[in-house]
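Below are the chains, spelled out letter by letter.
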Amino acid sequence: MTARALEGLVVLDLSQVYNGPYCTLLMAQLGAEIVKIEPFTGEPVRWRVVGEQQTAAFGLLNGNKQSLRLNLKDQRGKDLFLRLVAAADVVVENFAPGTLQRLGLGYEVLAESNDRIILASGRGYGAQTPQANQRAMDLTIQAVSGVMASTGYPDQPPMKAGAALADFFGGTHLFGGIMAALYQRTTTGRGQHVEVAMQDAVIPSLTSNIAGYLDSGGTLPERTGNRHGGLAVAPYNVYPAADGWVAILCMTNGHWQSLCALMDRHDLAADPAFASPAARVARIDKLDDIVTGWAETLARDEVVAKLQQAGVPCAPVLALSDVMSGPLVGPESMIRPVKDAHGAESYVFGSPLHLTDSEPVPSTTAPALGEHTDDVLTRTLGLTGAELATLRAENVI
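Now for a look at the structure at hand. All values reported here derive from a predicted model rather than from experimental measurement.

## With respect to the overall build of the protein chain
- What the protein chain contains, in helices and strands, is 17 helices and 11 strands.
- Its C-alpha atoms give the protein chain principal-axis dimensions of roughly 85 × 50 × 45 Å.
- Within the protein chain, the fraction of its 397 residues that count as buried is 46%.
- Residue pairs at least 24 apart in sequence account for 66% of intrachain contacts in the protein chain once pairs closer than 6 positions are excluded.
- Surface exposure of the protein chain reaches about 19500 Å², of which carbon and sulfur atoms provide 56%.
- Counting 29 positive and 41 negative side-chain charges, the protein chain places the centres of these two groups 3 Å from one another.

In structure tokens form, the structure reads like this:
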């Protein structure tokens, strides 16, 4: 028995931006050793926007990792990488399609060094799609998958979701693929190549929208604002209170009856015109006006308290400033303040994965570029100080 689920697992992390780094962060938080291998300038998100100062985005996604600076375009750098592969379990990358092959580091080459290695590749588009070989980012995936077309209001242009859904859905699915490959390796003794396309990962999140399209024969509007994506539930919206906004939805007739009681609208509760989900959706504009008329007379928190006490699903709409000053920030929470050796504070993400038999990993700051290069190469490959000095002088590490 180990103290943590992935303790002893060694992961070489070539990934960048959000997709791959989130995948490896989940692994780090379960005890895996993550060696982040970066080019000489560091991965793009390190310095994005703020120049010489490391970005908060990099810090959030790269805690509990080691950083090794390595020139993979130099043959000696590739040789060192393959020696590391021989002692590793997983390699994670989300380069543009074909990059590893052009570097001479495709799966077949990695497997020659270690037939148990699992190569996990985060892709933009599915292998069978026309865009398979194209570069992709969260925005382009949202555009081509239907997310943008379904976000916003019917009379407004398509709009991207505020959250980077494609990147993080892709990274989460890549984590799941790696776990499945590790489990299969216990039976076969062999590694394999795991690929997850962001486009594929995001499609199931459109279930309500796709179902609405199919059930209506394609007649529903693509964009429904804050209403249900398939226009199958009402009330389902964000309603104004006297001092803010509240998300309210009635998934069941019981929820609807409870809401009617709160609004002191027993006439609506008994009205056959509102007795079923389909009937309520057919009168959705009138229904939203009724709920708005009730909610806007009360303070936001009072609306939420009344609805929660009645068992009606609801939540206040919080600003990022509210989130950053609320219970999601703290030493054991999803956004964790950490300090480096010099006392400078930054933030890292906690883990949404909680296993009763896997001891939590204490959060640490993201590493400085190349901070662990000497340690990893000495400990793993046995390089001497003189060898490291030569490689550094010749721009290999």
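## Quick look at the sheet that holds strand β8 (residues 244-249)
- An order of β7-β8-β9 is seen for the three strands of this open sheet, with the pairing classed as antiparallel. Two strands close off the open sheet at either side, each with one partner strand: β7 (236-241) and β9 (314-316). Taken over all neighbouring pairs, the strand axes of this sheet differ in orientation by 20 degrees on average, direction set aside.
- Relative to β9, β8 runs antiparallel, the two being bridged by three bridges. Bridged to Ile-248 within β9 is Cys-314.
- Strand contacts of helix α13 (residues 284-295): β7 and β8, with the helix running at about 30 degrees to β7, the strand carrying the most contacts.
- Lying on the sheet, helix α14 (residues 300-310) is in contact with β7, β8 and β9; it crosses β8 at an angle near 20 degrees.

## Topic: the side chain of Asp-74
- When you line up the elements, Asp-74 lands in the loop between β3 (66-69) and α3 (75-86).
- Among the polar contacts listed, one links the side chain of Asp-74 to the backbone nitrogen of Arg-76, at a separation of 2.7 Å.

## Looking at the packing of helix α10 (residues 253-262) against α14
- Following both chains from N to C, one finds α10 and α14 inclined at 135 degrees, their axes separated by 10 Å at the closest point. By the angle between their directions, the pair α10 and α14 is classed as oblique. The way α10 lies across α14 gives a crossing that is right-handed. Across from Ser-258, Leu-259 and Leu-262 in α10, the residues of α14 making contact are Lys-306, Leu-307 and Ala-310.

## Observations regarding a nonpolar patch on the surface
- On the surface, Ile-203, Ile-210, Tyr-213 and Leu-214 cluster together into a nonpolar patch covering about 400 Å² of accessible area.
- With respect to the helices and strands, the residue Tyr-213 is situated in helix α9 (residues 207-215).

## Some thoughts on unusual backbone geometry
- Residue Pro-235 is reached from Ala-234 by a cis peptide bond, and omega for that bond is -5 degrees.
- By the element assignment, Pro-235 lies in the loop between α9 and β7.
- One non-glycine residue with positive phi stands out, namely Val-17, at about 65 degrees.
- Residue position: Val-17 is located in the loop between β1 (10-13) and α1 (19-28).

## So, the side chain of Asn-237
- Tracing the sequence through the fold places Asn-237 in strand β7.
- With relative accessibility at 14%, the residue Asn-237 sits in the buried group.
- Of note is the side chain of Asn-237, whose polar atom sits 2.9 Å from the side chain of Asp-288.
- In contact with Asn-237, not counting residues within four places along its chain, are Asn-226, Arg-227, Val-246, Ala-247, Ile-248 and Asp-288.

## Regarding the environment of Pro-337
- As for its placement among the helices and strands, Pro-337 is situated in strand β10 (residues 335-339).
- Given a relative accessible area of 31%, Pro-337 falls into the partly exposed group.
- As for Pro-337 and Tyr-347, which are separated by 10 residues in sequence, their C-alpha atoms are 4.5 Å apart.
- When neighbours within four sequence positions are excluded, Pro-337 is seen to be in contact with Val-329, Gly-330, Pro-331, Glu-345, Ser-346 and Tyr-347.

## A short note on the nonpolar core
- In this structure, Val-11, Met-27, Val-90, Leu-174 and Ile-178 are the most contacted members of the largest nonpolar core, which totals 32 residues.
- Counting residues per element, the ones that place at least two in this core are α1, α2 (56-61), β4 (90-93), β5 (118-123), α7 (165-188) and β6 (193-197).
- For this core, the element with the highest residue contribution is α1, accounting for six residues.
- Leu-80, Leu-84, Phe-95 and Leu-391 belong to the second-largest nonpolar core, a separate cluster that totals 31 residues.

## Digging into the packing of aromatic side chains
- Here the structure, examined in full by the defined rule, presents three aromatic pairs.
- Both rings, one in Tyr-18 and one in Phe-168, keep their centres 5.4 Å apart while their planes meet at 35 degrees; by these two values the pair is tilted. One end of the pair, Tyr-18, is in the loop between β1 and α1; the other, Phe-168, is in helix α7, with 150 residues separating them in the sequence.
- According to the relative accessible area criterion, Tyr-18 is buried, its value standing at 19%.
- Their ring planes at 65 degrees and their centres at 5.2 Å tell us that Tyr-22 and Phe-168 sit as a pair that is edge-to-face. Of this pair, Tyr-22 sits in helix α1 while Phe-168 is found in helix α7, placing the two residues 146 residues apart along the sequence.
- With relative accessibility at 22%, the residue Phe-168 sits in the partly exposed group.
- Lying over the aromatic face of Phe-40, Arg-69 brings its terminal NZ or CZ to 4.1 Å of the ring centre.

Analysis parameters
Residues numbered from 1 in each chain as written. Predicted model: local features only at pLDDT ≥ 70, side-chain atom pairs only at ≥ 80, totals over all residues. Heavy atoms only, no water. Helix = DSSP H or I, 4+ residues; strand = E, 2+ residues; numbered from the N terminus. Buried < 20%, exposed > 50% of the residue type's maximum accessible area, 1.4 Å probe, protein only. Contact = heavy atoms within 4.5 Å. Areas by Shrake-Rupley, 256 points an atom, 1.4 Å probe, with all protein chains shown as cover. Lys, Arg positive; Asp, Glu negative; His and termini not counted. Charge placed at Lys NZ, Arg CZ, Asp CG, Glu CD. Pairing = 2+ DSSP bridges. Axes fitted to C-alpha atoms, helices over the stretch in contact; angles between N-to-C directions. Polar contact = N/O pair within 3.5 Å; in protein donor to acceptor, adjacent residues only side chain to side chain. Parallel < 35°, antiparallel > 145°, perpendicular 65-115°, else oblique. Left-handed = near helix turned anticlockwise from the far one by under 90°. Patch = residues over 30% accessible without salt bridge, like charges linked within 9 Å, V, L, I, M, F, W, Y side chains within 5 Å. Salt bridge = Lys/Arg side-chain N within 4 Å of Asp/Glu carboxyl O. Core = buried A, V, L, I, M, F, W, Y, C linked by side-chain atoms within 4.5 Å. Phe/Tyr/Trp six-rings, centres within 6.5 Å; stacked < 30°, edge-to-face > 60°. Lys NZ or Arg CZ within 6 Å of the ring centre and 35° of its normal.

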